[in-house]
Amino acid sequence: MEPVGPEPSLYTVKALLILDSLGQRLLAKYYDSTFPTAKEQAAFERSIFSKTHRAGGEITCLGGLTVVYRSSIDLFFYVVGGCQENELMLLAVLTCLLDSLGHLLRKEVEKRWLLDNMEGTFLVVDEIVDRGSPSQQHMASSSSTTWQVARGRGTPETPSSTEVLQPTKEHIETPLLM
């Protein structure tokens, strides 16, 4: 019997985006060739923002892709997967991202604080998603690097890596154990 649909894959995340309240890119990581050029990426970001910036939901389908999203003050966070991807896994990645950034910044995530801590933000994103695959082991092994960068900026109240990664670890483990 032939399998129906695409082969299962660990590479569930096609893109991770952070846009501001005007739809401008602050951070974008594309993990496959769905949008190979900067022009196609910008067009996708405009279309996703125009569809979601007024919506109150958390999930939408756009151009054959599953998109989970949330807003926080003046930012929009998106995790994009294929049309057959598990929405709960994509939502776990999004929740993990928001929780980790909240712990890093020690406050609600907003544009000004995010821009001031962009190095830490890039490291958090790289720890959560490794080449399109949500990666618990990668997070644990490189977490000290993220917080060393954050501490190097002179913020004595920066939480320890254990404090920050515990909720992150739980968000990734829960869908995997279901």
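Further up the page is the structure itself.
A brief look at the structure comes next. Bear in mind the structure is a predicted one, so any value in this text is a computation, not a measurement. (Residues numbered from 1 in each chain as written. Predicted model: local features only at pLDDT ≥ 70, side-chain atom pairs only at ≥ 80, totals over all residues. Heavy atoms only, no water.)

1. Some points on the nonpolar core
By size, the foremost hydrophobic cluster in this structure holds 26 residues, and its most contacted members are Leu16, Ile18, Phe77, Val79, Leu97, Leu101 and Leu114. Taken together, the elements giving at least two residues each to this core come down to strand E1 (15-20), strand E2 (25-30), strand E5 (75-82), helix H2 (87-105) and helix H4 (118-128). No other element matches H2, which puts 9 residues into this core. Leaving out residues up to four positions away in the same chain, Leu114 has contacts with Ile18, Leu26, Leu75, Leu101, Leu105, Val109 and Thr121. Among the nonpolar cores identified, the runner-up in size contains 15 residues, and Leu19, Leu62, Tyr69 and Phe76 belong to it. (Core = buried A, V, L, I, M, F, W, Y, C linked by side-chain atoms within 4.5 Å. Buried < 20%, exposed > 50% of the residue type's maximum accessible area, 1.4 Å probe, protein only. Helix = DSSP H or I, 4+ residues; strand = E, 2+ residues; numbered from the N terminus. Contact = heavy atoms within 4.5 Å.)

2. Digging into the side chain of Thr66
Structurally, Thr66 can be placed in strand E4 (residues 65-72). Within the local environment of Thr66, its side chain forms a polar contact with the backbone oxygen of Gly82, the two atoms lying 3.1 Å apart. Not counting the four nearest positions on each side in its chain, Thr66 is found in contact with Ile59, Thr60, Val79, Val80, Gly81, Gly82, Cys83, Glu87 and Leu90. (Polar contact = N/O pair within 3.5 Å; in protein donor to acceptor, adjacent residues only side chain to side chain.)

3. Concerning helix H1 (residues 38-52)
With 15 residues, H1 extends 21 Å between its outermost C-alpha atoms, agreeing within 8% with the 21 Å of an ideal straight helix rising 1.5 Å per residue. Taken together, the buried positions of H1 are occupied by Gln41, Phe44, Glu45, Ile48, Phe49 and Thr52. Along the axis of H1, the buried positions cluster into a sector of 130°, meaning they face one direction only. With respect to the buried face of H1, the exposed residues turned more than 90 degrees away are Lys39 and Arg46. If you follow the buried residues of H1, they end up packed against E1, E2, strand E3 (59-62), E4 and E5. (Expected span 1.5 Å × (residues − 1). Arc of directions from axis to C-beta.)

4. Concerning the state of the cysteines
Evaluation of the coordinates by the stated rule reveals 0 disulfides. The cysteine Cys61 is free of any disulfide, with Cys83 supplying the nearest cysteine sulfur at 7.8 Å. (Disulfide = S-S within 2.5 Å.)

5. Observations regarding the sheet that holds E3
The pairing of strands in a sheet comes from backbone hydrogen bonds and takes either a parallel or an antiparallel form. Spatially, 5 strands are ordered E2-E1-E5-E4-E3 in an open sheet, and the strand pairing comes out antiparallel. Each edge of the sheet is formed by a strand with only one pairing partner; in this case those strands are E2 and E3. Across the sheet, the axes of successive neighbouring strands diverge by a mean angle of 20°, strand direction being ignored. Lying over the sheet, H4 contacts E1 and E2, oriented at roughly 25° with respect to E2. (Pairing = 2+ DSSP bridges. Axes fitted to C-alpha atoms, helices over the stretch in contact; angles between N-to-C directions.)

6. Focus on unusual backbone geometry
Notably, Ile73 is not glycine yet its phi reads approximately 55°, a positive angle. Secondary-structure assignment places Ile73 in the loop between E4 and E5. The exposure class assigned to Ile73 is exposed, which follows from its relative accessible area of 60%.

7. Quick notes on the side chain of Glu45
Note that Glu45 resides in helix H1. Not counting residues up to four positions away in its chain, the partners in contact with Glu45 are Leu17, Leu19, Arg25, Ala28 and Tyr30.

8. A few points about the packing of aromatic side chains
Tallied over the entire structure, the rule returns 4 aromatic pairs. Plain terms: the ring middles of Phe35 and Phe44 are 4.3 Å apart, the flat faces sit at 25° to each other, and that makes the pair stacked. The burial state of Phe35 is the same as that of Phe44; both residues are buried. Taking the centre distance of 5.3 Å and the plane angle of 90° together, the rings of Phe49 and Phe76 count as edge-to-face. You can see Phe49 sitting in helix H1 and its partner Phe76 sitting in strand E5, a full 27 residues away along the chain. We note that Phe49, like Phe76, is buried. (Phe/Tyr/Trp six-rings, centres within 6.5 Å; stacked < 30°, edge-to-face > 60°.)

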